[in-house]
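Chain by chain, the residues:
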Amino acid sequence: MAMKSSGKQDEFFDELEVMPTEVRENYLNQGLSQAVDYAYRNAPAAKEILDTAKVSPAEIRTIRDLEKLPIIRKTDLIDLQRAKPPYGGFLAIPLQDVDRVFISPGPIYEPLHTGAIKWFAKSFYAAGFRKGDVVINTFTYHMSPAGILFHEALRDCGASVVVTGTGNTEIQVQTMYDLKVTGFVGTPSFLMTLIKRAEEIGHDFRRDFVLKRAWFTGEMLPGPLRKTLEEDYQIATAQAYAVTEPGGAIAYECHQKSGMHLMDEYIVEIVDPGTGKQLGPGEIGEIVVTPIHNKAWGLIRFGTGDMSSYITELCPCGRTANRLVGIVGRTADAIKVRGMFVVAKQAEQAVLSFEPISRFQIVIGRKEQRDEMTLKVELKDEAIDRKELADNLNERFQNLCRVKIDRIEFVEKGDIPEEHQKIVDERTWD
Ligand SMILES: [Zn+2]
């Protein structure tokens, strides 16, 4: 993809990023319909999925049509590849044309037909990586796509890459110092490990190092850690959402750091994991991905198991793609209440942001055909104003989780056992 040739040349990696909404809709629908048609003709597993669902490839013309097809999950892929080795019938090119194969836990073998796809490059570009940057890539170069795909994407932005890989804290710190490393690619926790190590051996990080930007994926960046990195260490941070099975890059942050723009190389749906039905903006559901630019891989509707929601408001950065609003948890930890998913991790974020609360448990019951959500709370300090806390808690919970708590119960210390489920479903369905 050529660089954008307008005056804003430096801001965007390619013209896809700034497509007007209607143009994108056509672009994605067309890409989808071609990808499904291609997969049907070339990947036996894709053909079988469509035939079983009694859907012809011509019936998949828009993203909405994908609802007619089942969701393929990690466990399905493992089973299918075991039954039909090595690719489970999803390989859509001749075997000898496979450029490289990645291996995910399972194992799942993921073929790629070319290393020339610039999937991650726009994410690094949006994070400010350019020629002149010297970057340590601390993701593994073994098995997983992370190391080599990030490496190539950094090169696409012009940066020099130091092939450090994972671990080796001492050597990484020494390398950052000796090579005047300006960029870090890895997990937020590993960057903190490196900074701490540098300080332990007597460095003043801001004085002795020139690290100015960091790019993360693999774990979400907690707000307080982002603040520490940006304010205390003057490191600009950006994160991306990637999933290995459908081929990697899915969404990425721009400098606004307010949600992650969806990549136009994938169709991304947010669905009810139980029914596979698509959900609207702001509704929390499972991220389901269909790659439309990996010809080697006839994978359609891969269910990631990650829960998120999306927003459609235009971003001030100028990129026009919808944005994912973080990853709020896994489908296994999500329970549907009055039609909305409550994710344990997100509930925890809402409730434990109140300092006086030491422990909590959500109990979902059912009364007269209506789901009822009770929040049990244990306090560190019994003397606080419970009414005020309950009001604030109600508001914060609803803002974050989008479901209203019906009742808050303040329970005795020890009522909620130390090892407890965050959400307990006590509904009966008869
Ligand atoms: Zn943006």
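In what follows, the structure referred to is the one given above.
Residues numbered from 1 in each chain as written. Predicted model: local features only at pLDDT ≥ 70, side-chain atom pairs only at ≥ 80, totals over all residues. Heavy atoms only, no water.

Enquirer: Looking at this structure, how should I read the overall build of the protein?
Expert: Within the protein, the secondary structure is distributed over 11 helices and 22 strands. For the protein, the C-alpha radius of gyration of 23 Å lies close to 22 Å, the compact-globule estimate for 430 residues. With the principal axes as the frame, the protein shows a C-alpha extent of 65 × 65 × 45 Å. Taken across its 430 residues, the protein has 53% of its residues classed as buried. Contacts in the protein between residues far apart in sequence, at least 24 positions, make up 64% of those at least 6 positions apart. Carbon and sulfur atoms provide 50% of the accessible area of the protein, an area that totals close to 20,000 Å². Positive and negative side-chain charges of the protein, numbering 53 and 63 respectively, have mean locations separated by a distance of 3 Å. (Helix = DSSP H or I, 4+ residues; strand = E, 2+ residues; numbered from the N terminus. Rg over C-alpha atoms; globule rule 2.2 N^0.38 Å. Buried < 20%, exposed > 50% of the residue type's maximum accessible area, 1.4 Å probe, protein only. Contact = heavy atoms within 4.5 Å. Areas by Shrake-Rupley, 256 points an atom, 1.4 Å probe, with all protein chains shown as cover. Lys, Arg positive; Asp, Glu negative; His and termini not counted. Charge placed at Lys NZ, Arg CZ, Asp CG, Glu CD.)

Enquirer: It is not clear to me how empty space enclosed by the protein should be interpreted in this structure. Could you clarify?
Expert: Regions of empty space are outlined by a rolling probe, equal in size to a water molecule, passed over the atoms. On inspection of all chains with the given rule, the structure shows 4 cavities of 30 Å³ or more. Estimated volume of the largest cavity: approximately 90 Å³. In terms of lining residues, the largest cavity is bounded by 12 residues, among which Ile117, Trp119, Phe120, Leu149 and Glu152 are the most central. The greatest single-element share of the lining of the largest cavity, amounting to 4 residues, is contributed by helix H5 (residues 146–156). Taken as a whole, the second largest cavity holds about 60 Å³ of empty space. Around the second largest cavity sit Phe102, Glu110, Pro111, Leu112, Trp119, Pro145, Leu149, Thr244, Glu245, Gly247, Asn294 and Trp297, which together line it. The element that contributes the greatest number of residues to the lining of the second largest cavity is strand E3 (residues 108–112), accounting for 3 residues. Residue composition of the lining of the second largest cavity, by class: 7 nonpolar, 3 polar and 2 charged. (1 Å grid on protein atoms, 1.4 Å probe; cavity = no way out; pocket = protein on both sides within 12 Å on 5 of 7 lines; lining within 4 Å. Points joined across faces, edges and corners; volume = space filled by probe spheres on them. Nonpolar A, V, L, I, M, F, W, Y, C, P; charged D, E, K, R; others polar.)

Enquirer: Would you mind going over the coordination of the zinc ion with me for this structure?
Expert: Summarising the metal site, the zinc ion is bound by the protein donors Cys254 (SG), His261 (NE2), Cys315 (SG) and Cys317 (SG), whose distances to it range over 2.1 to 2.2 Å. The site at the zinc ion holds 4 donor atoms, and with the angles between them running 106 to 112°, its shape is tetrahedral. All donor residues of the zinc ion come from one chain, and their arrangement in sequence is C-x6-H-x53-C-x1-C. Judged by relative accessible area, which is 2%, cysteine 254 ranks as buried. Overall, the relative accessible area of 0% leaves histidine 261 in the buried class. (Donors = N, O, S within 2.8 Å, 3.2 Å for Na, K, Ca; no water. Tetrahedral: all angles 85-135°; square planar, octahedral: opposite > 155°, others 65-115°.)

Enquirer: Hey, could you run me through the nonpolar core in this one?
Expert: Looking at soluble globular proteins, one finds that nonpolar side chains tend to be buried together. In this structure, Phe120, Phe124, Phe129, Val185, Trp215 and Tyr241 are the most contacted members of the largest nonpolar core, which totals 53 residues. Per-element accounting of this core gives the leading share, 5 residues, to H5. When near neighbours in sequence (up to four residues on either side) are disregarded, tryptophan 215 contacts Phe120, Ser123, Phe124, Ala127, Phe129, Phe139, Phe150, Phe184, Val185, Gly186, Ala238 and Ala240. Listed in part, the 26 residues of the second largest apolar core include Val342, Ala350, Cys401 and Ile423. (Core = buried A, V, L, I, M, F, W, Y, C linked by side-chain atoms within 4.5 Å.)

Enquirer: Sorry if this is basic, but what is going on with the packing of aromatic side chains here?
Expert: The geometry of an aromatic ring pair is captured by the separation of the ring centres together with the interplanar angle, meaning the angle of the planes. Summed over all chains, the structure comprises 15 aromatic pairs. Ring plane angle 70° and centroid distance 4.8 Å describe the contact between phenylalanine 150 and tryptophan 215, whose orientation is recorded as edge-to-face. With phenylalanine 150 in helix H5 and tryptophan 215 in strand E7 (residues 213–216), this residue pair connects regions lying 65 residues apart in the sequence. Taking the relative accessible area as the measure of exposure, tryptophan 215 reaches 0% and is therefore buried. Note on phenylalanine 184 and phenylalanine 190: the rings are 6.5 Å apart at their centroids and 40° apart in plane angle, and the pair reads as tilted. Comparing phenylalanine 184 with phenylalanine 190 shows no difference in burial state: the two are buried. Three or more aromatic residues link up through ring pairs in this structure, and these residues are Phe120, Phe124, Phe129, Phe139, Phe150 and Trp215. Here arginine 213 stacks its cationic end above the ring of phenylalanine 129, 5.9 Å away from the centre of that ring. Between the NZ or CZ atom of lysine 295 and the centre of the ring of tyrosine 38, over which it lies, the distance is 4.8 Å. (Phe/Tyr/Trp six-rings, centres within 6.5 Å; stacked < 30°, edge-to-face > 60°. Lys NZ or Arg CZ within 6 Å of the ring centre and 35° of its normal.)

Enquirer: So what exactly am I meant to see when it comes to the state of the cysteines here?
Expert: Under the counting rule described, the total for this entry stands at 0 disulfides. Distance from the sulfur of cysteine 157, which forms no disulfide, to the nearest cysteine sulfur (cysteine 254) is 15 Å. Judged by relative accessible area, cysteine 157 falls into the buried class, the value being 7%. (Disulfide = S-S within 2.5 Å.)

Enquirer: Hey, could you run me through unusual backbone geometry in this one?
Expert: Apart from glycine, the bulk of residues carry a negative phi angle, and the bulk of peptide bonds sit in the trans form. Here the bond from proline 85 into proline 86 is cis, since omega is -5°, no more than 30 degrees from zero. With respect to the helices and strands, proline 86 occurs in the loop between helix H3 (74–83) and strand E2 (100–104). Although it is not a glycine, lysine 54 adopts a positive phi angle of roughly 55°. For glutamine 369, which is not glycine, the phi dihedral falls at a positive 65°. Relative to the helices and strands, glutamine 369 is located in the loop between strand E19 (357–367) and strand E20 (370–379).

Enquirer: Is there a simple way to think about the pairing of E3 in this case?
Expert: Along a regular strand, successive side chains alternate from one face of the sheet to the other. Counting buried positions along E3 gives 4 out of 5 residues, so the element sits mostly inside the fold. Note: E2 against E3, 5 bridges, orientation antiparallel. Counted as the bridge partner of serine 104 is isoleucine 108 from E3. Linkage of E2 to E3, two consecutive antiparallel strands, is achieved through a turn of 3 residues, within which glycine 106 is found at a positive phi near 150°. (Pairing = 2+ DSSP bridges.)

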